[in-house]
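Remarks on the overall topology
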Amino acid sequence: MARTLISPSLKLLQRSAMSNYNYPVVTSNNYTNTHSQLLGSKRRVEFQVCASSSDDNKSSSDTPDFNPFGFVTDNPSSRSAIQLPEIPAEDGNVGQMLYRTEDKGKEYGSFIRSGKLKWFVRETGSSDARLGTRGTIVFLHGAPTQSYSYRVVMAQMADAGFHCYAPDWIGFGFSDKPQPGYGFNYTEKEFHSALDKLLETLGIESPFFLVVQGFLVGSYGLTWALKNSERVSKLTILNSPLIVGSKVPGLFNQLRIPLLGEFTCQNAILAERFIEGGSQYVLKSEKADVYRLPYLASSGPGFALLETAKKINFKDTLGRIASGFSAGSWDEPILLAWGMSDKYLRQPEAEEFQKGNPSNVKLKLLEGAGHMPQEDWPEKVVDALKYFL
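Residues numbered from 1 in each chain as written. Predicted model: local features only at pLDDT ≥ 70, side-chain atom pairs only at ≥ 80, totals over all residues. Heavy atoms only, no water.

Named according to an unreviewed UniProt entry, the protein is AB hydrolase-1 domain-containing protein originating from Papaver somniferum.

With that settled, the discussion passes to the packing of helix α5 (residues 188-202) against helix α6 (residues 217-227). A pair of packed helices is captured by two measures, namely the crossing angle of their axes and the spacing between those axes. Orientation of α5 relative to α6, taken along the N-to-C sense of each, is 70°, at an axis distance of 10 Å. Taken together, the axes of α5 and α6 are roughly perpendicular relative to one another. Crossing handedness for the pair α5 and α6: right-handed. Judged by residue contacts, Glu188, Phe191, His192, Leu195, Asp196 and Leu199 of α5 engage Val217, Tyr220, Thr223, Trp224 and Lys227 from α6. In terms of residue class, the contact of α5 with α6 is built from 6 nonpolar, 2 polar and 3 charged. (Axes fitted to C-alpha atoms, helices over the stretch in contact; angles between N-to-C directions. Helix = DSSP H or I, 4+ residues; strand = E, 2+ residues; numbered from the N terminus. Parallel < 35°, antiparallel > 145°, perpendicular 65-115°, else oblique. Left-handed = near helix turned anticlockwise from the far one by under 90°. Contact = heavy atoms within 4.5 Å. Nonpolar A, V, L, I, M, F, W, Y, C, P; charged D, E, K, R; others polar.)

On to the environment of Met372. In this fold, Met372 is placed in the loop between β10 (361-366) and α14 (373-376). In this structure Met372 comes out as buried when scored by relative accessible area, which is 3%. A sequence separation of 132 residues divides Met372 from Ser240, and the C-alpha atoms of the two residues are 9.3 Å apart. The residues contacting Met372, other than those within four sequence positions of it, are Thr145, Ser149, Gln213, Ile275 and Tyr291. (Buried < 20%, exposed > 50% of the residue type's maximum accessible area, 1.4 Å probe, protein only.)

Before going further, it helps to spend a moment on the environment of Leu117. Structurally, the position occupied by Leu117 is in strand β4 (residues 117-124). Relative accessible area serves as the criterion here: at 13%, Leu117 is assigned to the buried category. Residues Leu117 and Lys197, 80 residues apart in the sequence, show an inter-C-alpha distance of 9.8 Å.

Tracing the chain through its elements places Glu276 in helix α9 (residues 270-277). One buried charged residue, Glu276, remains without a salt bridge, the closest side chain of opposite sign being Arg273 at 7.0 Å. One polar contact links the side chain of Glu276 to the main-chain amide nitrogen of Leu283, over a distance of 2.6 Å. (Lys, Arg positive; Asp, Glu negative; His and termini not counted. Salt bridge = Lys/Arg side-chain N within 4 Å of Asp/Glu carboxyl O. Polar contact = N/O pair within 3.5 Å; in protein donor to acceptor, adjacent residues only side chain to side chain.)

Pairing is mixed in the open sheet, where 8 strands are placed in the order β3-β4-β6-β5-β7-β8-β9-β10. Looking at the sheet topology across the chains shown, the edges are occupied by β3 (109-114) and β10. The average angle at which neighbouring strand axes cross in this sheet is 25°, direction not considered. Alignment of strand β8 (residues 232-238) against strand β9 (residues 334-339), held across 4 bridges, turns out to be parallel. (Pairing = 2+ DSSP bridges.)

Here it is as structure tokens:
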């Protein structure tokens, strides 16, 4: 049974619970890669747990004491990052992981103060008309991830002449994570208001191109567009829940259960597990590090995710999205670029949404991409955007 890495906020609780017990630690040398298969330029790896023959000759006295953070997970990228076999005594040390990753994942980004909140915003390209800019694109991510997922797409779209912005929503990534009840309560209204202020602070002129993907805050990006249709010239939707019948992944249901939600939100590898759960690929360790970092650094991101999941009304939100973008309600062009291998949202959902407004919604199927096409196959997303914009 896989154990999960718990953030520092639960460290003392777990240490107390385990202080009277000694367990053997299984290092990464105890694992054998039993199967690998190349999928295009991507690689998927399955692992099987098996005992190393060298362990048979070890006495119990040679086995180190249980390390509460030396967990082995069923996630290959997480196991690679958490286990440090060359230094067994420090396997899974949270402080060491933070040191290794604290400077990662901030490509093209800077911190922007907007009102009382500090956002982390990535920016590529230039708004200088003399450089022949083709327009501004704002990229909005979903939960439980961050704008890091757009880094490759942003760089290539900037090379194509676009000025790109991708903020981490408040409570996610490297942006501020206010304690609920102290200036930000993680409601749809507050997310919309904060985004309005950020766009004003950045001086983004309307109309602009908008790209949205994902659950929770991704859905709020779409409802923001419905309220501000005059500010959006063209809308691109990557895999997102779009119809009332869209299923809610188990993670978000767990977060809404009392006590279980509080525990689940402090699982420091929940973001990377969610990403891999919606795709046919595993993340490389250096990418998993970045998605894990905010949840390792503090308890704030977990509780922000918890509050966001508790506050959303899925049925109402998806109902407004389905009806708001239907024929007669929405007249701007929409590109629906859909990863066909998404394990959370199936292709028929995209087709049903497209049928609701066939004259304005163009469906582009991205073979091989999963729930986050911008992470799985950014090149295909770029090609679709260049053609559409």
